[in-house]
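# Remarks on the overall topology
Here are the chains, one letter per residue:
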Amino acid sequence: MVRRIDVSGSGGVRLAAWEFADPPKVGGPFGDGGPSGVLLLHGLMGRASHWAATARWLSTRHRAVALDQRGHGRSEKPADGPYTREAYVADAEAAVEELGLGPVTLVGHAMGALTAWQLAARRPDLVRALVVCDMRASALGAATQREWGEWFRSWPVPFATLADVRKWFGEDDPTLERPNPARGDFYAEVAAERADGWRPLFSRRQMLLARETYVHDAHWEELALVECPALVVRGLDGELGRAEAQEMVRVLPRGVYAEVPDAGHLVHYDQPDGWRRVVEPFLASVLPVRP
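Residues numbered from 1 in each chain as written. Predicted model: local features only at pLDDT ≥ 70, side-chain atom pairs only at ≥ 80, totals over all residues. Heavy atoms only, no water.

### Remarks on the side chain of Arg123
With respect to the element layout, Arg123 can be found in the loop between helix H3 (111-122) and strand E6 (127-133). Here Glu93 takes part through its side chain, which lies 2.5 Å from a polar atom of the side chain of Arg123. A polar contact of 3.1 Å, which involves the side chain of Arg123, links it to the side chain of Glu97. Those residues within four positions of Arg123 in sequence are excluded, and the remaining contacts are Glu93 and Glu97. (Helix = DSSP H or I, 4+ residues; strand = E, 2+ residues; numbered from the N terminus. Polar contact = N/O pair within 3.5 Å; in protein donor to acceptor, adjacent residues only side chain to side chain. Contact = heavy atoms within 4.5 Å.)

### Points about the confidence of the model for the protein chain
Across the protein chain, pLDDT averages 94, with 95% of residues at or above 70. Low pLDDT, under 50, characterises residues 25-33; the stretch is placed with 16 contacts to residues that sit more than four places away or in other chains. (pLDDT = per-residue confidence, 0-100.)

### Things to note about the packing of helix H2 (residues 85-98) against H3
One can describe the packing of H2 onto H3 by two numbers: an axis separation of 9 Å at closest approach and a directional angle of 70°. Considering their axes alone, H2 and H3 lie roughly perpendicular with respect to each other. Residues Arg85, Glu86, Tyr88, Val89, Ala92 and Glu93 of H2 form the contact with H3, whose own contacting residues are Met111, Leu114, Thr115, Gln118, Leu119 and Arg122. Split by residue class, the contact of H2 with H3 holds six nonpolar, two polar and four charged. (Axes fitted to C-alpha atoms, helices over the stretch in contact; angles between N-to-C directions. Parallel < 35°, antiparallel > 145°, perpendicular 65-115°, else oblique. Nonpolar A, V, L, I, M, F, W, Y, C, P; charged D, E, K, R; others polar.)

### Regarding the nonpolar core
Ranked by internal contacts, the top residues of the largest apolar core, which has 65 residues, are Leu39, Met45, Leu106, Trp117 and Leu130. Among the elements that take part in this core, H3 stands out by supplying eight residues, more than any other. If we skip the residues at most four places from it in the chain, Leu106 touches Leu39, Val96, Ala116, Leu119, Ala120, Val127, Ala129, Leu130 and Val131. Within the second largest apolar cluster, 28 residues are counted, among which are Val260, Val267, Leu283 and Leu287. (Core = buried A, V, L, I, M, F, W, Y, C linked by side-chain atoms within 4.5 Å. Buried < 20%, exposed > 50% of the residue type's maximum accessible area, 1.4 Å probe, protein only.)

Structure (structure tokens):
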């Protein structure tokens, strides 16, 4: 089953968290005999449901919760934000504390991974372990922000059908090097039917605002402050190169490296079996399990 849990984020922003399993029936918060908590953080434009497959296998041993971050999914999308790093990190911190997940394992993809390691750096008492999926620590640069703006403007919205969403993002998007059906499915999952057709659940303007707050800066210093065990995962065809990923592992005090063959940026989504094969042993080595 899945159940929705409302969380009050930074500034009172309403956030939707999702637990993709029955709530645990034994013990209490971790430390009192209950299962260890895992919080899953999606990337820019994602939503909690992208973690459903991961959350379900995690839930056999841990309490796994996925968060729709502000501006995404079923969480609140305040017109003027804020969509800052501070707001996203504070939201994640509020979710961990309100849901009694701490000390938590944070599993993040892309922007969600940055949020995860920034929270781990700032609140080491709250974070037990960290999984970083395909997020760079180096500055992405102003040029990429302009490219994203152009890409957003190229979307042929509204789409007439959900199949058109899948086809454009999985086949017709000119930024694609080759067809990627999983990418089409990924974007179909963040589309909603409106009166005039299918449109994204999120505001593209708000996504650019959120991205603007992290693309100009490098994040190595915060990475070096992460005290807990940390796994850095990349897809061989993803956005995080091998050399940078291995340098991130070197900078992390307790870093571990893994890569998933035949995976792109959406590692956990387009190669779920390969993703599980690298993440599950790491978690088994650092986390206690549900009784």
